[in-house]
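Now for the letters of each chain:
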Amino acid sequence: MQAPSELPENLTTRRERPSRTPGNVAGEPGWPPLNRRRAGLLAATCLGYLLVVAGVLLDSALVDLDWSVRLARPYERWPSLEPLLDNWVVAGQRGPSAIAAFAWLGWRAHRLRRLRPLLVMGAALLLLNVTVGGVKIVTGRLGPHYAHYVGSPELFSGGTIFPSGHTANAVVTWGVLAHLAVRWRRTGAVLAAATACSVGLTTVYLGTHWVTDVLAGWAAGLLVLLSLPLLEPLVTAAEQRLTARRARRRDTVRPAAPPPATPRPAQARSGRARTDRARTARARTDRAQPDRTQPDRSQPDAARPATARPDATPPSSVPPPRRAPRG
């Protein structure tokens, strides 16, 4: 057996091995893995969700609980709380809360130079809308203000009230924000739980949802949060693909930098400078001297030197032929 000092250089101890959890770079931790504890919590939440759905479909005691709260009319017992709670449920639902969440996530993504915060929130909301929207369409339950018969579950009547979308969106939105706030995660988790619970109970107070709607909304939102570790590989792959596409586009738009000029030796630069100075002096001298090939037009004709002009016809040694006399 080799001593620790004799181990090969390419081997590392267990403490020195880098973590392979996706998303642990640039200060943005990845979603916790789905261990046994989280898997058990996911199974328990799924079981509770199915029990609530089955209780509503089978017209069990849960429907009687819905009607007892509906007939109590809490908004008439405490009317002074209605304006405040009405504004609170509007602020906590998907529209304003999603805008505020994406604004903060956009700032965080710009600060970390990563797209993961936005992709995590987008994946969570997409999964929530698909699952909750499917159950809403299938059940078709009407709200308390539109109920026809006392004691009826009001199913398959064209409504879209079960489960509560307000409650589920509050759970997912604030839960994701609490997880991404690394330094304030525990405080954020407490605030997210309080917000989700208060939004759900407020809808029951206002009479817009049944009690079972809120219970199913809490379970549906928690199921989405617990299922996010399963979506972590997809989020990582999408982030890498978008980052690579962004880098290719930036390289295409940006012009190529000119190659750096090679520095010349000092001797070569001095010789080149002397050559340039000599060439410049020669050019100045040539411009200063007059052109002797052309005649000087400034002098009069009498002062010009006489030049021999060539004859029009060169002399010939052959005499011209004589003409014969006429007649």
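Residues numbered from 1 in each chain as written. Predicted model: local features only at pLDDT ≥ 70, side-chain atom pairs only at ≥ 80, totals over all residues. Heavy atoms only, no water.

Secondary structure assignment for the protein chain yields 10 helices and 0 strands. Order of helices (α) and strands (β) in the protein chain, N terminus to C terminus: α-α-α-α-α-α-α-α-α-α. The buried share of the protein chain, reckoned over its 327 residues, is 31%. By sequence separation, contacts in the protein chain at least 24 residues apart represent 75% of the contacts at least 6 residues apart. Summed over its atoms, the accessible surface of the protein chain is roughly 23,500 Å², and 60% of this surface lies on carbon and sulfur atoms. (Helix = DSSP H or I, 4+ residues; strand = E, 2+ residues; numbered from the N terminus. Buried < 20%, exposed > 50% of the residue type's maximum accessible area, 1.4 Å probe, protein only. Contact = heavy atoms within 4.5 Å. Areas by Shrake-Rupley, 256 points an atom, 1.4 Å probe, with all protein chains shown as cover.)

An ideal rise of 1.5 Å per residue puts 16 Å on 12 residues; helix α2 (residues 61-72) measures up with 17 Å between its terminal C-alpha atoms. Buried within α2 we find Val63, Asp66, Trp67 and Arg70. In an axial view of α2, the angular spread of the buried residues amounts to 90°, which keeps them on one side of the axis. (Expected span 1.5 Å × (residues − 1). Arc of directions from axis to C-beta.)

Moving on, we come to the pattern of salt bridges. Within this structure, the stated rule accounts for 5 salt bridges. Across the pair arginine 114 and glutamate 239 runs a salt bridge, and its minimum N-O distance is 2.8 Å. Linking arginine 114 in the loop between α5 (94-112) and α6 (116-139) with glutamate 239 in helix α9 (residues 211-253), this pair joins segments that are 125 residues apart in sequence. The burial state of arginine 114 is the same as that of glutamate 239; both residues are buried. Between glutamate 232 and arginine 116 there is a salt bridge, with the nearest N and O atoms lying 3.1 Å from each other. You can see glutamate 232 sitting in helix α9 and its partner arginine 116 sitting in helix α6, a full 116 residues away along the chain. When sorted by exposure, glutamate 232 lands in the same class as arginine 116, which is buried. Here the salt bridges share partners, and the residues they tie into one network are Asp66, Arg141 and Asp213. (Salt bridge = Lys/Arg side-chain N within 4 Å of Asp/Glu carboxyl O.)

Turning our eyes to something else, we now look at the side chain of threonine 212. Positionally, threonine 212 belongs in helix α9. Assessed through its relative accessible area of 1%, threonine 212 is described here as buried. Dropping the residues within four chain positions of it, threonine 212 is found in contact with Val52, Val56, Leu62, Asp66, Arg141 and Phe162.

Turning our attention to a nonpolar patch on the surface. Taken together, the side chains of Leu57, Leu58 and Phe156 make up a nonpolar region of the molecular surface, amounting to roughly 370 Å² of accessible area. Inspection of the secondary structure assignment puts phenylalanine 156 in the loop between α6 and α7 (165-180). Of the residues examined, phenylalanine 156 reaches a relative accessible area of 60% and is grouped as exposed. (Patch = residues over 30% accessible without salt bridge, like charges linked within 9 Å, V, L, I, M, F, W, Y side chains within 5 Å.)

One finds Tyr49, Met121, Ala124, Leu128, Phe162, Val172 and Val176 to be the most contacted residues of the largest nonpolar core, which totals 42 residues. Secondary structure elements with two or more residues in this core: α1 (36-57), α2, α5, α6, α7, α8 (185-206) and α9. Considering each element in turn, this core owes the most residues, 9 residues, to α9. With residues up to four places along the chain from it excluded, the contact list for alanine 124 reads Val172, Val176, Val224 and Leu228. (Core = buried A, V, L, I, M, F, W, Y, C linked by side-chain atoms within 4.5 Å.)

Relative orientation of the contacting elements α6 and α7 amounts to 160°, with a least axis distance of 10 Å. As summarised for this structure, α6 and α7 are arranged roughly antiparallel, according to the angle between their axes. As α6 runs across α7, the sense of the crossing is right-handed. Contact residues: Arg116, Pro117, Val120, Met121, Ala124, Leu125, Leu128, Asn129, Val132 and Lys136 in α6; Gly165, Ala168, Asn169, Val172, Thr173, Val176, Leu177 and Leu180 in α7. (Axes fitted to C-alpha atoms, helices over the stretch in contact; angles between N-to-C directions. Parallel < 35°, antiparallel > 145°, perpendicular 65-115°, else oblique. Left-handed = near helix turned anticlockwise from the far one by under 90°.)

To continue, consider the packing of α7 against α8. Running from N to C, α7 and α8 cross one another at 170°; their axes reach a closest spacing of 8 Å. By the angle between their axes, α7 is roughly antiparallel relative to α8. Along its contact with α7, which presents His166, Thr167, Ala170, Val171, Trp174, Gly175, Ala178 and His179, the element α8 presents Arg185, Gly188, Ala189, Ala192, Thr195, Ala196, Val199, Gly200 and Thr203. Here the residues of the contact of α7 with α8 are counted per class, giving 8 nonpolar, 8 polar and 1 charged. (Nonpolar A, V, L, I, M, F, W, Y, C, P; charged D, E, K, R; others polar.)

What follows deals with unusual backbone geometry. Cis geometry marks the peptide bond from phenylalanine 162 to proline 163, where omega comes out at -5°. Within the element layout of this structure, proline 163 appears in the loop between α6 and α7. Phi angles above zero are rare outside glycine, and arginine 113 is one such case at about 55°. Mapped onto the elements, arginine 113 comes out in the loop between α5 and α6. Using a relative accessible area of 74% as the deciding quantity, one classes arginine 113 as exposed. Look at phenylalanine 156: it is not a glycine, yet its phi comes out positive at around 55°.

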